[in-house]
Amino acid sequence: MVSRSPLFLVVVLLATSGWVADAKKKKKTKPKDPKPTILPKHLQLCAGKRPLNAKRHGSKLTWLLEASGDATLTFSSSSQHQAACWILYDDVKHGASRNNKEL
């Protein structure tokens, strides 16, 4: 029986090595959420303010939509809507130089 033990271990190792390699190949990746689409209603988000430019404000709008969602951002009495209007129009300290990583 002593001579069969090493052979048995070799067979077990060879059998499981393929299974481990398959498990490494089949990594589960989380699907990325698609970026939200900027609609015309988002460009006229804040009442009484000038319409936004999609090229100039697109990255901020996209970030705001990803963070807050369309419903809360377009609901005029929500805190997210008020904060978005402040970020887009009144934030003079970080206006043009704001980086998405800082948001």
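Presented here is a report on the structure given in the accompanying data block. This structure is a prediction, so every number in the text was calculated from the model and none was measured.

Positionally, H42 belongs in helix α2 (residues 40-43). By relative accessible area, H42 is classed as buried at 2%. Those residues in contact with H42 that lie beyond four places of it in its chain are T37, L52, L61, L65, D70 and T74.

Each disulfide consists of one covalent bond between the sulfur atoms belonging to two cysteines. Evaluated as defined, the whole model comprises one disulfide. One disulfide bridge connects C46 with C85, the sulfur atoms lying 1.9 Å from each other. Classification of the bridge connecting C46 and C85 rests on its S-S torsion, roughly -110 degrees, and on that basis the disulfide is left-handed. With a gap of 39 residues between them, C46 in the loop between α2 and α3 (54-68) and C85 in helix α5 (residues 79-90) connect regions that are remote in the sequence. For the residue pair C46 and C85, the accessibility class agrees, reading buried in each case.

On to α5. In this model, α5 (12 residues) spans 15 Å end to end at C-alpha, consistent with the 16 Å of a helix rising 1.5 Å per residue. Within the sequence span of α5, burial applies to H81, A84, C85, I87, L88 and Y89. Considered in projection along α5, the buried side chains sweep an arc of 170 degrees and stay on one side of the axis. Tucked inside the fold, the buried residues of α5 contact α3 and α4 (70-74).

This next bit is on the environment of K41. Relative to the helices and strands, K41 resides in helix α2. Its relative accessible area of 42% is what places K41 among the partly exposed residues. The sequence separation of K41 and T74 amounts to 33 residues, and the corresponding C-alpha distance is 8.1 Å. Once residues within four sequence positions are removed from consideration, K41 is found in contact with D70 and T74.

Rules of the game
- Just so you know, the residues in each chain are numbered from 1, in the order the chain's sequence is written.
- The predicted origin of the model limits local features to residues at a pLDDT of at least 70 and limits the giving and counting of side-chain atom pairs to 80 or more, whereas totals for whole chains, interfaces and linings rest on all residues.
- Side-chain numbers here rest on the full set of heavy atoms in the structure, without hydrogens or water.
- A run of H or I in DSSP becomes a helix once it reaches four residues, and a run of E becomes a strand once it reaches two; helices and strands are each numbered from the N terminus.
- A 1.4 Å probe rolled over the protein chains alone gives each residue an accessible area, and that area as a share of the maximum for its type sets the label: buried under 20%, exposed over 50%, partly exposed in between.
- Note on contacts: a residue pair is in contact if any heavy atoms of the two residues lie within 4.5 Å.
- Two cysteine sulfur atoms form a disulfide, by the criterion used here, when they sit within 2.5 Å.
- For a helix, the expected span equals 1.5 Å multiplied by the residue count minus one.
- This arc is built from the directions going out from the helix axis to the C-beta atoms.

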